[in-house]
Protein chains: 2
Amino acid sequence: MIKNKKVSLADIAMALGVSKTLVSMVLNGKGDENGISKKTQERVMELAESMNYKPNQFARGLRMGRSNTIGLIVSDISNPFYSRLARSVEDAVSESGYNLMICSSDESEEKEMKLLEMLINKQVDGIILSSTLDSTEHIEGLQNENFPFVLIDRIYNDFETNTVVVDNKLGAYEAVDFIINNGHKKIAAFVISPAHISTQVDRLEGYKDALKKHSIPLNQYYQKVIPREEIYQTVCQILTEWKTDHMMPTAIFVANNQIAIGSLEAIRDLGLSIPKDISIVSFDDIDLFKLYSPPITSVIQPINSIARNAVEILLDNIKIKDNSDSLIKVHKCLQTNIVVRNSVLKLG
Amino acid sequence: MIKNKKVSLADIAMALGVSKTLVSMVLNGKGDENGISKKTQERVMELAESMNYKPNQFARGLRMGRSNTIGLIVSDISNPFYSRLARSVEDAVSESGYNLMICSSDESEEKEMKLLEMLINKQVDGIILSSTLDSTEHIEGLQNENFPFVLIDRIYNDFETNTVVVDNKLGAYEAVDFIINNGHKKIAAFVISPAHISTQVDRLEGYKDALKKHSIPLNQYYQKVIPREEIYQTVCQILTEWKTDHMMPTAIFVANNQIAIGSLEAIRDLGLSIPKDISIVSFDDIDLFKLYSPPITSVIQPINSIARNAVEILLDNIKIKDNSDSLIKVHKCLQTNIVVRNSVLKLG
DNA sequence: GTAAAAAACTAAACCGTTTTAGAAATTTTT
DNA sequence: AAAAATTTCTAAAACGGTTTAGTTTTTTAC
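These figures come from a predicted structure and were not determined experimentally.

Rules behind the numbers
Residues numbered from 1 in each chain as written. Chains lettered and ligands numbered in written order. Predicted model: local features only at pLDDT ≥ 70, side-chain atom pairs only at ≥ 80, totals over all residues. Heavy atoms only, no water. Contact = heavy atoms within 4.5 Å. Buried area = accessible area lost by both parts, 1.4 Å probe. Salt bridge = Lys/Arg side-chain N within 4 Å of Asp/Glu carboxyl O. Helix = DSSP H or I, 4+ residues; strand = E, 2+ residues; numbered from the N terminus. Nonpolar A, V, L, I, M, F, W, Y, C, P; charged D, E, K, R; others polar. Near = heavy atom within 4 Å. Polar contact = N/O pair within 3.5 Å; in protein donor to acceptor, adjacent residues only side chain to side chain. Buried < 20%, exposed > 50% of the residue type's maximum accessible area, 1.4 Å probe, protein only. Least-squares fit on C-alpha atoms with pLDDT ≥ 70 in both. Domains from an automatic or database assignment. Pairing = 2+ DSSP bridges. Right-handed = clockwise from strand over helix to strand, strands pointing away.

Undergrad: Can you break down the interface of chain A and chain B residue by residue, with the values?
TA: Taken together, the contact pairs 63 residues of chain A with 61 residues of chain B. Of the roughly 5,600 Å² buried between chain A and chain B, counting both surfaces, carbon and sulfur atoms make up 56%. Counting every contact that joins chain A to chain B gives 8 salt bridges. A salt bridge links A:Glu265 to B:Lys290; the shortest N-O distance between them is 3.8 Å. Every element with two or more residues in the side of chain A that touches chain B is listed here: α4 (57-64), α5 (80-95), β2 (99-104), α6 (109-121), α7 (137-144), α11 (257-269) and α12 (287-291) of chain A. A per-element tally of the side of chain A that touches chain B places α6(A) first, with 7 residues. Of the residues contributing to the side of chain A that touches chain B, the split by class is 23 nonpolar, 19 polar and 21 charged.

Set out below in C-alpha cells:
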C-alpha cells in the first residue's frame, strides 16, 4: 500500500532521542565516516525502514542543488524513433538511480528554449538534447557554466561539446551506394524540413558522395526538402511533376521514417509500384518497413547504443562536475547498419 | 542565451531596497490584494524581468508542498499507442502550466509500485496511471489520502475512482460484428498477456457478445492469450496448429497493435494471404495498418480525447483538493471508431 | 588522578521560497 | 492637532533536509 504521508527526519530523531544530523548522516551512508556507533546506526536504519521514511526531495534538492533527475528533449515523443530512444534513455538513467523528464520541442525553436529553461529551472542535473535550432546560442550559456549536457542525434559541427551521433553521412552513403550498385542512375533524395538539421544535411551529403564516387552527375531537381507538415501532399506533387516532365527517377533515398511513411502512401496512391516503377531506401527502421509489401530496405540506427552512450557521458559529466574537475568533451559516432529487403529493383 | 545562474528573491529585494515578502507577493500576482502600490509593483516586475529571475522550484515546492508536475505511468512509452497518448498528455498539461514526468512500468507490478512511490516522493501533484496490476491495493492508499489520480486505459471494475477509458467492449463488438456481417462464422480472438488487464478482458467480452448475438457458438480453441514476450512465435504456433487440425478460422480479431504486428508477420511468413486465406481486424490504429497490403481494418481509439479528458479531470481534482472540498469521482467512457479497409473478405 | 586523544554525537546555519502577524507611513476624520 | 482608518510594507517563521563547527563523553596515556 502506497501512502502519501510524510515522516520527516525530525520524527525519527525525536523517536530515537538523537539529533537530525545523526539520522541524516546514517541514512546517507555516512555513519561510519562520522563515527556513529554501529548500534546507533542500526537503530536508525530499522526505525526509518519501519516508519517508511522517504526523504523530501524538495528539501534535499534545495540544500544540495540537485534533483537526481535528468531531462531529455526531443522533437516529438510520438515519433517512433524518439519514443524508442526515450525508452532506452529511461532504462539507462533509472539503472543509475536517476529519473527522467521527457519533453517534445515540436521542432519549435521557441518551445525548445522554453523547455531548456524549464528543465534548468527544475534543477535537472543534466540534459540530453536533440536540438531543433539552427544556432548554438541557446546552449552556449550552459556550456560556459559547465552545465552537464549531451547533444544527441542532431549536432553542430562548429560547436565543441559532448555529442552522440550516428554516422549519418556514411549511413546515407551506403544506402545510396547500394542503390547504385543495383544499376540505378537516376536517384532522388528526400530530406525533411527544416533542412539545416545536421542529420538531414549529413544524409544529403552522403547521398551526394555516393553519386560522386560513381561519377553520377548531381541534379538539384532530384534533391528535395519536404516540409514536415505536409509530407504526403508534397511527395504526391513532386512525383506527378517528375512524371509529366518525364524525369521520373528510378529510385529514391528517403532521409527519415516520417518522409518514408508519407512517400509510401503517395507512391501507392499514385498507382506506382515498388520496386518495379520506383525503388526506395529509407533511413530509420520502423516496424512498417519489414511488413510492407515489398519490405523496405532501410538504414538501422543503433538506438539503444545511442541512448546508453549519451547517458554514460552525461552521468560522467555530472560526477566530474561534483568534483569540480575540468570537463573533457567527448564525441561518439556510432555506425549504422543497412538491412536489405526488397524495395530496390536490380536494373540491367 | 540560457543561463544557469541563480538570481534569488533576496537579490531583487536587496537591489530595490524592499522586503522579500513584497517581491514574492508581486511576482505571484498578489500585489494588488496585498495593497502594494502600482509603482512598486512595476519596479519589481521590471527588475525581475531584467535580472531574468526564475523562482527556485525546490524552495517553492518545499514551502508549498507541490511541484507543478504531474506523473504519467504507462507500460511502455515506446509502444506507439502510449507514445501518442503521452504526447497528447504532455500538450494538455503544458497548456495549464504543468510539466510531465513519463514513466514505463514495463508490465511489471514491482516496477509500477516503485514508480508510484517515486512520483509521490517527488511530490507530483497528480498521477495519470495505466495500471498493470491485478489488484487495487497499491492505489487504495492514494485514494484514502485524497491524492489526485486518474486511471486511464486500464481500469478496475470494482474500484470507484476517476477513470477515462474507451468502450472496449463495444469497440470489439463492432469489430467482430463487422466480421460476422461479412459472412464469417469461424472467428478467432487474440488478446495479449497478462489477460487480467481490463482492456483485454473487455475486448474479449465484446468478441463473445458479438458471436452470441449472431448465435455463433463460442469456442475456447479460438480464444487465445498471446504472451507479450513472444507474440510472433506463439501466433505461428497457433496458426500451424489450426492448420494441421483443419480448424483454421476464416477471420481473427486481434486485441491490440502489438499482437497485430506479430500476427501480420506470422501470417505472411506462413504463406497465408489476407484476406483470402484469413481475414483480420485489429484494435488500435497505427500507421502500419493503412499502408499494409491489404490495408487493415481497425478500431481507432480517440487518443487525444482520452488524454485531454484525463488531464482535465486530474487538474480539476488538484484544484478541488487545494480548496479541500470533497472529491467526486468521475468516469469518462469514450467511443471508438471502426475504420473499414480491406482486410476482411466478403464471404458467400 | 589528571591531561590528552579519540569516539560519539549535536546545535545551528543554510538553501530560497511563501505566509503570518504586525509595523510604519500616510491619509482621513473629528 | 490628535485619533482613527487606511495604505503600504516587513520581520520572522516555516518547509525538511545537509553541512559546518563544534561539544560532550569515553578511553587512553602518564
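Undergrad: I'd like to hear about the protein's contact with DNA strand D, residue by residue, with values.
TA: DNA strand D sits among 29 residues. The nearest are A:Leu9, A:Ser24, A:Tyr53, A:Arg63 and B:Thr21. Considering DNA strand D, the proportion of its atoms within 4 Å of the protein that are sugar or phosphate atoms stands at 57%. Within the backbone of A:Leu9, one N or O atom sits 2.7 Å away from a phosphate oxygen of DNA strand D. Between DNA strand D and A:Ala59 there is a distance of 3.3 Å, counted from a base nitrogen to a backbone nitrogen or oxygen.

Undergrad: Go over the pattern of salt bridges, please, and point to the residues and values.
TA: Residues and elements named next belong to chain A. Applying the stated criterion across every chain yields a total of 34 salt bridges over all chains. Lys111 is paired through a salt bridge with Asp106; the nearest N and O atoms lie 3.5 Å apart. A residue is classified by how much of its surface remains accessible, and Lys111, at 28% relative accessible area, is partly exposed. A relative accessible area of 41% means that Asp106 is categorised as partly exposed. With a shortest N-O distance of 3.2 Å, Lys114 and Glu110 are connected by a salt bridge.

Undergrad: Tell me what's going on with the relation of the copies chain A and chain B, and back it up with residues and numbers.
TA: Taken as rigid bodies, chain A and chain B are interconverted by a rotation of 180° and an axial shift of 0.1 Å, the fit giving an RMSD of 0.2 Å. What we have between these two chains is a two-fold relation. Both copies share a contact surface, since 97% of the interface residues of chain A are interface residues in chain B too.

Undergrad: Just give me the short version of the domain arrangement of chain A, but keep the residues and values in it.
TA: All names here are of chain A. By domain assignment, chain A separates into domain 1 (9-55), domain 2 (68-166 + 304-335) and domain 3 (168-301). Here the C-alpha centroids of domain 2 and domain 3 sit 29 Å apart. Tallying the contact residues gives 15 residues for domain 2 and 16 residues for domain 3. For the pairing of domain 2 and domain 3, the buried interface totals around 1,300 Å² over both sides, and the portion due to carbon and sulfur atoms is 47%. The three residues of domain 2 that bury the most area against domain 3 are Phe81, Glu107 and Val166, which together make up 34% of that side's buried surface. For the interface between domain 2 and domain 3, the tally reads 1 salt bridge. For the side of domain 2 that touches domain 3, the leading source of residues is α5, giving 3 residues. When grouped by side-chain class, the residues that make up the side of domain 2 that touches domain 3 number 6 nonpolar, 3 polar and 6 charged.

Undergrad: An account of the protein's contact with DNA strand C is requested, with residue identities and associated values reported.
TA: Not every one of the 28 residues close to DNA strand C is listed here, only the nearest: A:Thr21, B:Leu9, B:Lys20, B:Ser24 and B:Arg63. By atom count, sugar and phosphate contribute 58% of the portion of DNA strand C lying within 4 Å of the protein. Between DNA strand C and B:Lys20, the relevant distance is 3.0 Å, taken from a base oxygen to a side-chain nitrogen or oxygen of the residue. Between DNA strand C and B:Arg60 there is a distance of 3.0 Å, counted from a phosphate oxygen to a side-chain nitrogen or oxygen.

Undergrad: So what's going on with the pairing of strand β3 (residues 126-129) of chain B? Residues and values would help.
TA: All names here are of chain B. Here β3 shows a buried face lined by Gly126 and Ile128 and a second buried face lined by Ile127 and Leu129. Pairing geometry for strand β1 (residues 69-74) and β3, over 4 bridges, is parallel. Looking at β3, one finds that Gly71 is bridged to Ile127. Examined bridge by bridge, β3 and strand β4 (residues 149-152) share 3 bridges and lie parallel to one another. Bridged to Ile128 within β4 is Val150. Running through helix α7 (residues 137-144), the crossover from β3 to the neighbouring parallel element β4 is right-handed.

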